[in-house]
Amino acid sequence: MKHPVRWLRRYPLSVALTLVIWYLCFSGPPHVHVPHVRAIDKWTHAAMYLFFVLTIWWEYLRAHPRIDWRRLLLLGWLSPMAMGGVIELLQAYCTGGRRSGEWLDAAANCVGATVALFIGILVAKCRAR
């Protein structure tokens, strides 16, 4: 039981954001109409995963003096993208039509995560100097 407690101590915001994302993705869909912004849903997905992945990277860099790049890329980039894909599949097949899973939502998640990846790499490189 020591390992989950360590994760909660080192990554409290990341764990909280993971839970919030899962909750938001399976609660009733919001009905937001912004007439001047096209694809507001996709922008929301990209921003959500940008913020999520940046939070993971920030907490990782804060907790670890040395960077394990393979672990950081797996847990701080690939895992959030995989989570987004799983959520979209679950929305498509397990919500009884309440939510629809869209590949473009998964793509927007990946765009946000990848932008955060590049920002995280720049921050890590600057921190190393």
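Preceding this section is the structure that the text describes.
In short, a report on the structure. (Residues numbered from 1 in each chain as written. Predicted model: local features only at pLDDT ≥ 70, side-chain atom pairs only at ≥ 80, totals over all residues. Heavy atoms only, no water.)

### A look at the overall build of the protein chain
Thought 1: When helices and strands are tallied, the protein chain shows five helices and zero strands.
Thought 2: Taken from N to C terminus, the helices and strands of the protein chain fall in the order α-α-α-α-α.
Thought 3: Seen through its C-alpha atoms, the protein chain measures out along the principal axes to roughly 45 × 40 × 20 Å.
Thought 4: By the burial criterion, 30% of the 129 residues in the protein chain qualify as buried.
Thought 5: A sequence separation of at least 24 residues applies to 79% of the contacts in the protein chain between residues at least 6 apart. (Helix = DSSP H or I, 4+ residues; strand = E, 2+ residues; numbered from the N terminus. Buried < 20%, exposed > 50% of the residue type's maximum accessible area, 1.4 Å probe, protein only. Contact = heavy atoms within 4.5 Å.)

### Considering the packing of helix 2 (residues 12-26) against helix 3 (residues 40-63)
Thought 1: One way to put it is that helix 2 packs onto helix 3 with a least axis distance of 8 Å and a crossing angle of 155°. Considering their axes alone, helix 2 and helix 3 lie roughly antiparallel with respect to each other. The handedness of the crossing between helix 2 and helix 3 comes out as left-handed. Along the contact surface, helix 2 presents Pro12, Leu13, Ser14, Leu17, Thr18 and Ile21, while helix 3 presents Met48, Tyr49, Phe51, Phe52, Thr55, Ile56, Trp58, Glu59 and Arg62.
Thought 2: For the contact of helix 2 with helix 3, the per-class residue count stands at ten nonpolar, three polar and two charged. (Axes fitted to C-alpha atoms, helices over the stretch in contact; angles between N-to-C directions. Parallel < 35°, antiparallel > 145°, perpendicular 65-115°, else oblique. Left-handed = near helix turned anticlockwise from the far one by under 90°. Nonpolar A, V, L, I, M, F, W, Y, C, P; charged D, E, K, R; others polar.)

### Things to note about the packing of aromatic side chains
Thought 1: Summed over all chains, the structure comprises four aromatic pairs.
Thought 2: Note on tyrosine 49 and phenylalanine 52: the rings are 5.9 Å apart at their centroids and 85° apart in plane angle, and the pair reads as edge-to-face. In this pair, tyrosine 49 and phenylalanine 52 both sit in helix 3, three residues apart, roughly one turn of the helix. A single burial state applies to tyrosine 49 and to phenylalanine 52, both of which are buried.
Thought 3: Over the face of the ring belonging to tryptophan 58 we find arginine 62, whose NZ or CZ atom lies 4.9 Å from the ring centre. (Phe/Tyr/Trp six-rings, centres within 6.5 Å; stacked < 30°, edge-to-face > 60°. Lys NZ or Arg CZ within 6 Å of the ring centre and 35° of its normal.)

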